[in-house]
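# Breakdown of the fold
Residues per chain are reported as follows:
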Amino acid sequence: GVLPLCSRPPVWGRAVRQPPSLLLAPCRAFSNNKILVELDESSGVATMKFKSPPVNSLSLDFLTEFCISLEKLENDRACRGVIFTSAVPRIFSSGLDITEMCGKSTEHYAEFWRAVQEMWLRLYGSNMVTVAAVNGSSPAGGCLIALSCDYRIMVENPKFNIGLNEAQLGIVAPFWFKDTFVNVVGHRVAERSLQLGSLLPAPEAHKVGLVDELVPEEKLQEKAAAVTAQWLALPDHARQLTKSMMRKAVLDRLVAHREEDIQNFISFISKESIQKSLRMYMEMLKKKK
Amino acid sequence: GVLPLCSRPPVWGRAVRQPPSLLLAPCRAFSNNKILVELDESSGVATMKFKSPPVNSLSLDFLTEFCISLEKLENDRACRGVIFTSAVPRIFSSGLDITEMCGKSTEHYAEFWRAVQEMWLRLYGSNMVTVAAVNGSSPAGGCLIALSCDYRIMVENPKFNIGLNEAQLGIVAPFWFKDTFVNVVGHRVAERSLQLGSLLPAPEAHKVGLVDELVPEEKLQEKAAAVTAQWLALPDHARQLTKSMMRKAVLDRLVAHREEDIQNFISFISKESIQKSLRMYMEMLKKKK
Amino acid sequence: GVLPLCSRPPVWGRAVRQPPSLLLAPCRAFSNNKILVELDESSGVATMKFKSPPVNSLSLDFLTEFCISLEKLENDRACRGVIFTSAVPRIFSSGLDITEMCGKSTEHYAEFWRAVQEMWLRLYGSNMVTVAAVNGSSPAGGCLIALSCDYRIMVENPKFNIGLNEAQLGIVAPFWFKDTFVNVVGHRVAERSLQLGSLLPAPEAHKVGLVDELVPEEKLQEKAAAVTAQWLALPDHARQLTKSMMRKAVLDRLVAHREEDIQNFISFISKESIQKSLRMYMEMLKKKK
């Protein structure tokens, strides 16, 4: 019944009521190069801030840090919820780092794709309450991070877009991106949005259910904290088993086809037409700057 | 193709046009201790009224009566539709009777759970048109009864709540409660509501699709009769095969895992932590009175 | 990964940029008895106009022409999108031709049903962008054609109805009609609509998501062209793989059960009660004229 990949034993009742096993300051923080993690021990809620300028792209290094940070929190009994947000203005995350997919070796593609899978398996299957506080644009893999949380709050700025826009780049979102998307917005919206590679402005994203709530930028952190507290008011054990019941089928599907999915990615990304398309896209991005 | 558990042969055309095989009064009624059943032979519609004060909780006795009453109607060619409503003010049904799950033997838990399964299999798989006329609050198992009908009408009183709030009690809704819920409100709303154990006031329940329609209390019976008549205007055979096609996958899933589901329930409910939590919940309910 | 039944190789980039392999007029047309096809080579978009008065019913001849026309376009590299519309006033298509299902031989029923399946497999699995420009009522099989497209635009006239109303005729929509419907409107709306055999006026059809957009009749062609152009702005290869990913499960299900589905149809349609019901329905239609 418990979620896969999570060795943490389920906590019964509210962890905040348990006496801390060590004398600790009310707030602990750890930071690596690309992600800043702050844990508020009084609430049991951590914040993971993406700080990898210019656009928080999901490089192999970023993904590795993300997984290590999440595992640390997952195993920390003082932590029961995580808020994901960006420390970079106007961008939540730009998604998978294209430089990792261009002109590299087969081994590198395999390692990179395994890290992308790992991030999703840990996040979508997390025992903790997970809330995305989306304070900027969030295309492709950035959108996947938001979709994999329990709840999505976005700044109401219509200049901030979100969506799985892979098709616009000539690539195809993998089946587990699609499964996660369908679980949030339903088959109809997913089919249309994925084929069009739609990037929706925040208000439209809210209308189709891609995000749950819009707030002014200055209210984002406060709202994210309030929502997380609401979810944490439930007994952990029951909430975790319920979450697992809802997500297990989709998680199991990737676990069962993981190696096949890596091979598919490698053979797709190694095609000359795809490489050419990605190079053109990167050229375009450079010119934009 | 036909629904499981229903031995009744499909009726072609409108039963009301068939000459009654016996000379019968236009309205027959039978009542046991906890449920009153009235069958209007002119319309072919029965009403099942829950009258088990104080809160129509689903005890083993209630469930047994429910199944027997439903089977009687299912086998009665004069009956083609059933309206479910409450004879107790302000409550439709409070859901599973917690006293049946507290401090009892393993054999009792097995018998109780089998009765809960049986109720759902018969109701969700019924060949008759089933309409819930929800005239009071309807948490947990009470909500399941409503969800298992073809159509849900609720009194528009915002003091009446409905939802699968098991998580609030520290327990987990079984997978077939979840499947039934997802079929009505979709994956996204189900995932959030089940994790939060949300009890929604009638207007919010209507907004997310958990109920189909709101009416003033004094219009409830009239509306329920009108809706049932609308559904009965269709040829029984086509309607029944269509209903079976929509619900078969979810019904088959419990049939295939019925004994396993009973064992899961027993091992979960026998845990000391769960027993303690349920005792605390019952104490709280007693103090409320 | 590619769609079944389509031998056409995926096109990378926009076909309109490719030099035409032959010197051709900017617009080619071919017409058989029941369907007029016009291909605008400058846009890469074909229009298939149903011209089989009085009601564009899906006879064996119509279905055969439909499949041949669609296959021609599928294999024509100058064609990347198709708009489906009617040349008959006030009706898009009345659905399956009942005369093909009444008083015919078992062999005829088998041939007819195989043609219905073939039409759906080719249309739902098409590599091209498919847009339904619904300029009239569209019950049953007519609705299926619209549901199988990528996008549905309907004239906002509330006198035009659309829906899978099979249950009203005493027959049952096959499982793949149902699967296609669920993919568009979700389980809840599909369950209710199929059981009631609902035919929804255009505005209500839009409200439940059965059609994507309403327009005044005089704007229909223009809007359909604009929408098709929007979908064609995406790289074909990525769009096609994405479409296949979304639809494959449902397509594969019919492919796997095709012969069984034909046998089911034959044994259902051969029943005297069904034959009687269809004859009564045809009588009623004749009197209406």
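Owing to the predicted nature of the structure, the values given are computational and were not obtained by experimental measurement.

Here we come to the packing of helix H2 (residues 106–124) of chain C against helix H8 (residues 236–256) of chain C. Relative orientation and spacing of two packed helices are given, respectively, by the angle between their axes and the distance between those axes. Residues and elements named next belong to chain C. Relative orientation of the contacting elements H2 and H8 amounts to 165 degrees, with a least axis distance of 10 Å. Comparing their axes, H8 and H2 come out roughly antiparallel. Considering the relative orientation of H2 and H8, their crossing is left-handed. For the pair H2 and H8, contact is made by Gln117, Trp120, Leu121 and Tyr124 and by Lys243, Arg247, Val250, Leu251, Leu254 and Val255, respectively. Here the residues of the contact of H2 with H8 sort into 7 nonpolar, 1 polar and 2 charged.

On to the interface of chain B and chain A. Listed by partner, the interface residues are 24 residues for chain B and 21 residues for chain A. Overall, the association of chain B and chain A removes approximately 1900 Å² of surface from exposure, summing both partners, and the carbon and sulfur fraction of that is 65%. In terms of surface lost to chain A, no three residues of chain B exceed Arg188, Gln195 and Leu196 of chain B, which account for 36% of the buried area on that side. Across the contact surface, chain B and chain A share 3 salt bridges. Across the pair Arg247 of chain A and Glu191 of chain B runs a salt bridge whose closest N-O atoms are separated by 2.7 Å. On inspection of chain B and its partner chain A, the count reaches 7 residue pairs in polar contact (both at pLDDT 80 or more). Those elements giving two or more residues to the side of chain B that touches chain A turn out to be helix H4 (175–185), helix H5 (187–196) and helix H10 (272–288) of chain B. If you tally residues by element for the side of chain B that touches chain A, the top one is H5 of chain B, at 8 residues. Among the residues making up the side of chain B that touches chain A, the classes are represented as 12 nonpolar, 7 polar and 5 charged.

Turning our eyes to something else, we now look at the relation of the copies chain A and chain C. Least-squares fitting of chain A to chain C yields an RMSD of 0.0 Å, with the superposition described by an axial translation of 0.0 Å and a rotation of 120 degrees. Within this description, the copies of the chain are treated as partners about a three-fold rotation axis. In terms of proximity to the rotation axis, the leading residue of chain A is Gly186 of chain A, whose C-alpha is 4.3 Å off the axis.

This paragraph deals with the sheet that holds strand E12 (residues 200–201) of chain A. Across a sheet, paired strands are connected by hydrogen bonds in the backbone, their directions being either parallel or antiparallel. Residues and elements named next belong to chain A. In spatial order, the strands read E6-E9-E11-E12; together these 4 strands make up an open sheet with mixed pairing. Unpaired on one side and paired on the other, strand E6 (90–91) and E12 mark the two borders of the sheet. Two strands pair when backbone bridges link them, and strand E9 (residues 136–139) and strand E11 (residues 161–163) are joined in this way by 2 bridges, in the parallel orientation. Across the sheet, the residue bridging to Ser138 is Ile162, located in E11. Contacts from helix H3 (residues 140–148) reach E9 and E11, with the element oriented near 100 degrees to E9.

Reading the values: the criteria
- Residues numbered from 1 in each chain as written.
- Chains lettered and ligands numbered in written order.
- Predicted model: local features only at pLDDT ≥ 70, side-chain atom pairs only at ≥ 80, totals over all residues.
- Heavy atoms only, no water.
- Axes fitted to C-alpha atoms, helices over the stretch in contact; angles between N-to-C directions.
- Helix = DSSP H or I, 4+ residues; strand = E, 2+ residues; numbered from the N terminus.
- Parallel < 35°, antiparallel > 145°, perpendicular 65-115°, else oblique.
- Left-handed = near helix turned anticlockwise from the far one by under 90°.
- Contact = heavy atoms within 4.5 Å.
- Nonpolar A, V, L, I, M, F, W, Y, C, P; charged D, E, K, R; others polar.
- Buried area = accessible area lost by both parts, 1.4 Å probe.
- Salt bridge = Lys/Arg side-chain N within 4 Å of Asp/Glu carboxyl O.
- Polar contact = N/O pair within 3.5 Å; in protein donor to acceptor, adjacent residues only side chain to side chain.
- Least-squares fit on C-alpha atoms with pLDDT ≥ 70 in both.
- Pairing = 2+ DSSP bridges.

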